[in-house]
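# Structural overview
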Amino acid sequence: MQKGPNEELDSPIGFIAADCLEKLMHFLPSQTPLKDFIHHNSLHAFQDRKFFDAIFEASKIFGYQVTLELKDFRGLHAMGRIKASVLDRLILQKKGDANAAKWRHRLLEAAFDETKQPRVGRLRSLWKPRLGIDLDNAVHPLLFRVMGHYLDQGISLWGFPQVAGGCLASIRVLERESFASFFSTQRAKQLLLDESCTLEHLLGIVVGDPALFEQYLFDQQFAHRGWSGMVATLETHPETLLSPREITLQDFIQLELLLEIDAIEGKLGSGWQPLAVDPMISTFDIFAPTEKTELDEVFEIWQEAFEWSYYDEVLAGLLSAEPESGKSVKAPTFQAIFCIDERECSFRRHLEGVAPHCETWGSPGFFGVEFYYQQAHAQFYDKLCPAPVTPKYLIKESDSATSHSKEALYTNNTSKLFWGSLLTFSLGLWASVKMLLLMFRPKMSPAISNAFAHMDERSTLSIENRSREDMENGLQIGFTIEEMAVRVEGLLRSIGMVSQFAQLIYVVAHGSSSANNPHHGAHDCGACSGRPGAVNAKVFAFMANHPRVRKILADRGIEIPAKTQFLGALHDTASDQIAYYLTESLSPVNEVAHAAHKAAFDNALNLNAKERSRRFASIDTGQSPQKVRRAILKRSVSMFEPRPELGHGTNTLCFVGRRELTKQLFLDRRAFLNSYDYRTDPEGKLLAGVMRPLGPVCGGINLEYYFSRVDNHKLGAGTKLPHNVMGLIGVVNSCDGDLRPGLPLQMIEVHDPVRLLIVVEHFPEVVLRTVQSSPEMYQWFINEWVNLVAFDPLNKTLHRFNAGKFVDYMPQAASPSTITDFESYLESAKEMESNHILDATKENLPVHLIRS
């Protein structure tokens, strides 16, 4: 069925606009604005399928690169990072002994055509050969600029008019009341102003055949998946914008169709026909089942071989290590609860090294206290808990002595005619001088995202709720005593800290300071919705110190000695600096102890900085740890540093168990460490709560790094060097490109794209019952988006989760080597640098190495 360009087509047979839009929104990227950067599975729309089936289907439909290229896998095999024994084992398991030689040849030597021929994009691309018009070049620049201005959150000096009805209604107002027009043809303008004009009618003009409408819309929207995904996300989550904007994906598509009509008619005149007039065009289902090719099978074997070559080293180290024999009778000198973030893995290791009698623990970095936070003098609330959680509480900061410094150059007046001219001459020279000074002597400035500025160390927080009537915007200000006790008990029991409390317990949150980095939220705490966790650490410490909370906990079997005090802290993972909170409440004895512990933290941070420095080409790792740490600090505040830190790069592991299980292992900053003691939870009643967030949080981080690494062009943000921030919601290349979802090159170039391995210390039957208790949790494991191994704590055996059950597993790895000191570790790193075939600055060390 075809229609002329002026005919009505409001109810086409076989096309339901609402269903098509819902389907589009499911497959488009779901990244929120930069202020709420939350890591997630880039291919979330395919998560209901098995991992390899899903990624190869996505590749055939959308043209994504979903693994490393064949030459990369072969190079990894040649240098020994993919072990021949692991590869041979997988070939035998999947193809049998009779076909082993043939498949070994295919993997190592056979030539394959690796080019992609995606289904999406084929239909709409026919405009160019048929009519000689490139609709992308004709439409996208104006479309993106209009969207950037409409959604702007503070960059633009003049706001887009906001009227009831959303984006398209606002554009109609501008079209009616302006001398200029968005369109060059009268027809497009009339269609815009006709409020009865529907999506179906516009598709009828452009496409013609309703059977092609869905295919055309997928082609159109995936030509700029970044903007389309942002609009779809804002339609379903408008609260993510601080300055509200009403917009729908349907409005966005209708505007684009109007611009396409205008571009075609402007070039060809009024006699053009819809695309479906061409008799050679046929319909096909872009989501029809895909067939697994021989090349897909080759990639699957290579990917698993890459993963299990690494996993086997770790698991062999786990079996070879000799865990410490339980807790001593004497309480530790101090204890520290860190976020499970893998960047804290090395900090904990060094802290345990310089203070052998301390204990470190791991918990998600919001520390079980979920709330919105309003900084002193701030207008908006910050969400400080995991993204899926909707808090009912509000913490307000007051009595802040910190005044936010301002830079004279950063003022709206620079864009005004008189003041702009004056300021250019008066401040322009100083600005250039200051730029040169910052190049050679970097320091903190108002233009830098400062993790410690999120909360004043000495400010007051409204933590305790004294009246249920104390509300603001539907949120309860602070927590009642019972609510505090529930949260403190929940965290302590979940990590197994129920006895032998030290006199000082540090609750160490993390954040990241960096300059000139739009993705700084991706470096902050994911459990705090991409923000520093300092407030959470201080709130939890306050709760755990509260006498009435302590009394409730004692009644419930957790007796915290009166002399024990909790302190909040914040570790800046970019600069390796630390700040402490609630120190003014310390007893005289604990004040003296804290001074000694601060020295231990400081020494550990020096060593941590030196360990990190091997990946930074600009730092001489041969210097003393103190000098390296000072260089790390300068690097974190340099306006000219595209890699202030490498974020979660190289994340690969997640351990759920006692620290004794991994304390002797050198894990190379690659492991999320979540404390859990099976002995305090023999039936696994607490385990579900511990494991439930691991898929969305740790798995989400891992998969976003994975896909941004293997396809940085389509699933990542590309190099950050040409990035401009658009409307404070996203980044684009140059000034009018598509929004770039995913992670920039400088965050993923050292990352090994392997799936997360979660190791749980508990009996296999308990772990199986736990993961099956929640369909959402089970999907991550049964569909193999993350790998799962249970470590039997009594038999010291490993059990791999496969096809819905646990099977015994014995790693094929050589005996672990021994590292005797940190200097030999650095020498090992340097020796391996020259053989790195991936786009990484430094090689990863073997991760099964035992610490002495």
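A few words on the overall build of the protein. Along the protein, the regular secondary structure elements total 27 helices and 23 strands. Taken over C-alpha atoms, the radius of gyration comes to 29 Å for the protein, in line with the 29 Å a tight globule of 852 residues would show. Here the contacts in the protein between residues at least 6 apart in sequence split such that 75% fall between residues at least 24 apart. When the accessible area of the protein is evaluated, it comes to approximately 34,200 Å², of which 54% is carbon and sulfur surface. Between the mean site of the 87 positive side-chain charges and the mean site of the 103 negative ones, the protein shows a separation of 5 Å.

Let us look at the sheet that holds strand S20 (residues 797-802). Read from one edge to the other, the open sheet built from six strands follows the order S15-S14-S18-S19-S20-S21, with strand pairing classed as mixed. Looking at which strands have only one partner, the edges of the open sheet turn out to be strand S15 (671-675) and strand S21 (805-809). Each strand of the sheet is rotated relative to its neighbour by a mean of 25°, with strand direction disregarded. Pairing of S20 with S21 involves five bridges; the strand directions are antiparallel. Directly across from Phe801, in S21, lies its bridge partner Phe806.

This part takes up the environment of Leu586. Position of Leu586 among the secondary structure elements: in the loop between strand S13 (577-581) and helix H20 (588-613). We classify Leu586 as buried; its relative accessible area is 9%. Distance in space between the C-alpha atoms of Leu586 and Gln221 is 58 Å, their sequence separation being 365 residues. Setting aside residues no more than four positions away along its own chain, Leu586 makes contact with Leu504, Gln565, Leu567, Glu591 and His594.

Where empty space is left becomes clear once a probe the size of a water molecule has been rolled over the atoms. Size it by volume and the second largest pocket reaches roughly 1,400 Å³. Together, 44 residues line the second largest pocket, and Thr32, Ile38, His237, Ala387 and Pro388 are the ones closest to its centre. Where the lining of the second largest pocket is concerned, the elements lending two or more residues are helix H1 (17-27), helix H12 (225-236), strand S4 (382-383), helix H23 (694-710) and helix H26 (775-782). The greatest single-element share of the lining of the second largest pocket, amounting to four residues, is contributed by H12. For the lining of the second largest pocket, the residue count by class is 19 nonpolar, 18 polar and seven charged.

Right, let's get into a nonpolar patch on the surface. Taken together, the side chains of Met435, Leu436, Met439, Phe440 and Phe640 present a nonpolar region at the surface, about 520 Å² in accessible area. In this fold, Leu436 is placed in helix H16 (residues 417-440).

With respect to the element layout, Arg670 can be found in the loop between strand S14 (653-657) and S15. For Arg670, a relative accessible area of 2% gives the class buried. Only 2.8 Å separates the side chain of Arg670 from the backbone oxygen of Thr650, close enough to count as a polar contact.

A sheet is described by the order of its strands in space; here five strands give the open sequence S2-S1-S10-S12-S13, paired in mixed fashion. Edge positions in the sheet fall to strand S2 (359-363) and S13, since each of these pairs with one other strand and no more. Along the sheet, successive strands turn relative to each other by an average axial angle of 25°, direction set aside. Here five bridges tie strand S12 (residues 565-572) to S13, and the two strands are oriented antiparallel to one another.

Under the counting rule described, the total for this entry stands at 39 aromatic pairs. Here the aromatic rings of Phe27 and Phe46 are separated by 5.4 Å at their centres, their planes lie at 65°, and the arrangement is edge-to-face. Of the two residues, Phe27 sits in helix H1 while Phe46 sits in the loop between H1 and helix H2 (51-62), which places them 19 residues apart along the sequence. This pair shows no difference in class: Phe27 is buried, exactly as Phe46 is. Ring plane angle 25° and centroid distance 5.5 Å describe the contact between Phe62 and Tyr64, whose orientation is recorded as stacked. By the burial criterion, Phe62 is buried, and Tyr64 matches it. Taken together, the ring pairs connect Phe27, Phe46, Phe62, Tyr64, Phe218, Phe222 and Phe287 into an aromatic cluster.

The topology assignment puts Glu397 in strand S5 (residues 393-398). Among the residues examined, Glu397 registers a relative accessible area of 7% and is labelled buried. In the structure, Glu397 is positioned 19 residues away from Ala378 in sequence and 9.3 Å away in space, judged by C-alpha atoms.

Note: predicted coordinates in regions of low pLDDT should not be interpreted at a detailed level. Averaged over the protein, the pLDDT score is 89; the fraction of residues at 70 or greater is 90%. Predicted confidence is poor over residues 814-843, with pLDDT under 50, and the contacts of this stretch with residues over four places away or in other chains come to 73 contacts.

A grouping of Arg441, Lys627, Arg630 and Lys634 is seen on the molecular surface, where their side chains present a positively charged patch. One can find Arg630 in helix H21 (residues 625-636).

Next up on the list: the pattern of salt bridges. Taken as a whole, this structure holds 50 salt bridges when the rule is applied. A salt bridge links Arg49 to Asp48; its shortest N-O distance comes to 3.0 Å. For Arg49, a relative accessible area of 23% puts it in the partly exposed group. One salt bridge connects Glu57 with Arg49, and the closest N-O pair in it is separated by 3.0 Å. Looking at Glu57, the relative accessible area reads 12%, which means it is buried. Through salt bridges with shared partners, a single ionic network connects Lys94, Lys292, Glu300, Glu304 and Arg800.

Burial analysis of strand S18 (residues 757-761) places five of its five residues in the buried class, the great majority of the element. When S14 meets S18, the two strands line up parallel, connected through four bridges. Paired with Cys654 across the strands is Ile758, a residue of S18. Relative to strand S19 (residues 787-792), S18 runs parallel, the two being bridged by five bridges. Its bridge partner lying in S19, Ile758 is registered against Leu788.

Before going further, it helps to examine the packing of helix H8 (residues 167-177) against helix H13 (residues 249-268). The geometry of H8 relative to H13 is characterised by a closest axis approach of 8 Å and an angle of 40° between their N-to-C directions. It follows from the interaxial angle that H8 and H13 lie oblique. Contact with H8, carried on its side by Cys167, Leu168 and Ile171, involves Asp251, Gln254 and Leu255 of H13 and no other residues of that element. Among the residues making up the contact of H8 with H13, the classes are represented as four nonpolar, one polar and one charged.

Looking only at H26, the buried set comprises Met777, Tyr778, Trp780 and Phe781. Down the axis of H26, the sector holding all buried residues measures 150°, keeping them to one side. Across from the buried face of H26, at angles greater than 90 degrees, the exposed residues are Pro775 and Glu776. Residues of H26 that are buried sit in contact with helix H22 (687-691), H23, S18, helix H25 (764-771), S19 and S20. One or two residues past the end of H26 sits Glu784, with phi positive at roughly 65°.

What counts as what
- Residues numbered from 1 in each chain as written.
- Predicted model: local features only at pLDDT ≥ 70, side-chain atom pairs only at ≥ 80, totals over all residues.
- Heavy atoms only, no water.
- Helix = DSSP H or I, 4+ residues; strand = E, 2+ residues; numbered from the N terminus.
- Rg over C-alpha atoms; globule rule 2.2 N^0.38 Å.
- Contact = heavy atoms within 4.5 Å.
- Areas by Shrake-Rupley, 256 points an atom, 1.4 Å probe, with all protein chains shown as cover.
- Lys, Arg positive; Asp, Glu negative; His and termini not counted.
- Charge placed at Lys NZ, Arg CZ, Asp CG, Glu CD.
- Pairing = 2+ DSSP bridges.
- Axes fitted to C-alpha atoms, helices over the stretch in contact; angles between N-to-C directions.
- Buried < 20%, exposed > 50% of the residue type's maximum accessible area, 1.4 Å probe, protein only.
- 1 Å grid on protein atoms, 1.4 Å probe; cavity = no way out; pocket = protein on both sides within 12 Å on 5 of 7 lines; lining within 4 Å.
- Points joined across faces, edges and corners; volume = space filled by probe spheres on them.
- Nonpolar A, V, L, I, M, F, W, Y, C, P; charged D, E, K, R; others polar.
- Patch = residues over 30% accessible without salt bridge, like charges linked within 9 Å, V, L, I, M, F, W, Y side chains within 5 Å.
- Salt bridge = Lys/Arg side-chain N within 4 Å of Asp/Glu carboxyl O.
- Polar contact = N/O pair within 3.5 Å; in protein donor to acceptor, adjacent residues only side chain to side chain.
- Phe/Tyr/Trp six-rings, centres within 6.5 Å; stacked < 30°, edge-to-face > 60°.
- pLDDT = per-residue confidence, 0-100.
- Parallel < 35°, antiparallel > 145°, perpendicular 65-115°, else oblique.
- Arc of directions from axis to C-beta.

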